[in-house]
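The residues making up each chain are set out below.
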Amino acid sequence: MITTTYRSICGEESLPYIDCDRCIRTLYARIQHYLQQDPGDCPICTYFREKIGSRDGSEGDARLLLHAQVNVVYELFARHDDREALALLERVEDDCC
């Protein structure tokens, strides 16, 4: 399996290469984590269940779907104060999408 990596183009400092495919799968895993925790009263979770179902980020269009839904993903992570996922989302958005 070939891994695609990109050098960050944001900011002044040089950042290491990012494994976009792995990071996207990590973000999908975080989304699925919150979907599993939802007791059924989260409209964002309902939206994601319909939009991504049981996808794990390994699908061919995973990056495109994540990019198209970046604002909703951000809102989900922000509601759970998941700073690690928010930072990863920002890095993936800047360097992979």
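This text follows the structure it describes.
Computed from a predicted model, the values in this text were never measured in an experiment.

Caption draft 1: Structural detail: the pattern of salt bridges. Tallied over the full model, the rule gives seven salt bridges. Among the ionic pairs, Asp-21 bridges to Arg-63, the shortest N-O distance being 3.1 Å. Remark: Arg-63 occurs in helix H3 (residues 62-68) and Asp-21 occurs in helix H1 (residues 20-37); sequence separation between them is 42 residues. With relative accessibility at 22%, the residue Arg-63 sits in the partly exposed group.

Caption draft 2: Spatial organisation of the environment of Arg-91. Residue placement: Arg-91 occurs in helix H5 (residues 83-95). Between the alpha carbons of Arg-91 and Cys-23 there is a distance of 9.1 Å; along the sequence they are 68 residues apart.

Caption draft 3: Main features of unusual backbone geometry. The residue Asp-81 is not glycine, and still its phi comes out positive at about 50°. Here Asp-81 shows up in the loop between helix H4 (70-79) and H5. By relative accessible area, Asp-81 is classed as partly exposed at 48%.

Caption draft 4: Spatial organisation of the packing of helix H2 (residues 43-52) against H4. One way to put it is that H2 packs onto H4 with a least axis distance of 10 Å and a crossing angle of 135°. Compared by their axis directions, H2 and H4 come out oblique. Two packed elements cross with a definite hand, and for H2 against H4 that hand is left-handed. For the pair H2 and H4, the contacting residues are Pro-43, Ile-44, Cys-45, Tyr-47 and Phe-48 in the first and Val-72, Val-73, Glu-75, Leu-76 and Arg-79 in the second. Classifying every residue of the contact of H2 with H4 gives eight nonpolar, no polar and two charged.

Caption draft 5: Main features of H4. Among all positions in H4, only Val-70, Val-73, Leu-76 and Phe-77 are buried. The arc that holds the buried residues of H4, viewed along the axis, is 120°, so those residues lie on one side. Looking at the buried positions of H4, the neighbouring elements they touch are H1, H2, H3 and H5. Following H4 by one or two positions, Asp-81 has its phi on the positive side, about 50°.

Caption draft 6: Looking closely at the nonpolar core. Formed by 26 residues in total, the largest nonpolar core has its most connected members in Ile-31, Phe-48, Leu-66, Leu-76, Phe-77 and Val-92. The dominant element in this core, judged by the number of residues it contributes, is H1, at eight residues. With sequence-adjacent residues up to four places away left out, Leu-76 is seen in contact with Ile-31, Tyr-34, Ile-44, Cys-45 and Phe-48.

Calculation notes
Residues numbered from 1 in each chain as written. Predicted model: local features only at pLDDT ≥ 70, side-chain atom pairs only at ≥ 80, totals over all residues. Heavy atoms only, no water. Salt bridge = Lys/Arg side-chain N within 4 Å of Asp/Glu carboxyl O. Helix = DSSP H or I, 4+ residues; strand = E, 2+ residues; numbered from the N terminus. Buried < 20%, exposed > 50% of the residue type's maximum accessible area, 1.4 Å probe, protein only. Axes fitted to C-alpha atoms, helices over the stretch in contact; angles between N-to-C directions. Parallel < 35°, antiparallel > 145°, perpendicular 65-115°, else oblique. Left-handed = near helix turned anticlockwise from the far one by under 90°. Contact = heavy atoms within 4.5 Å. Nonpolar A, V, L, I, M, F, W, Y, C, P; charged D, E, K, R; others polar. Arc of directions from axis to C-beta. Core = buried A, V, L, I, M, F, W, Y, C linked by side-chain atoms within 4.5 Å.

These results come straight from atomic positions and should not be treated as a statement about function.
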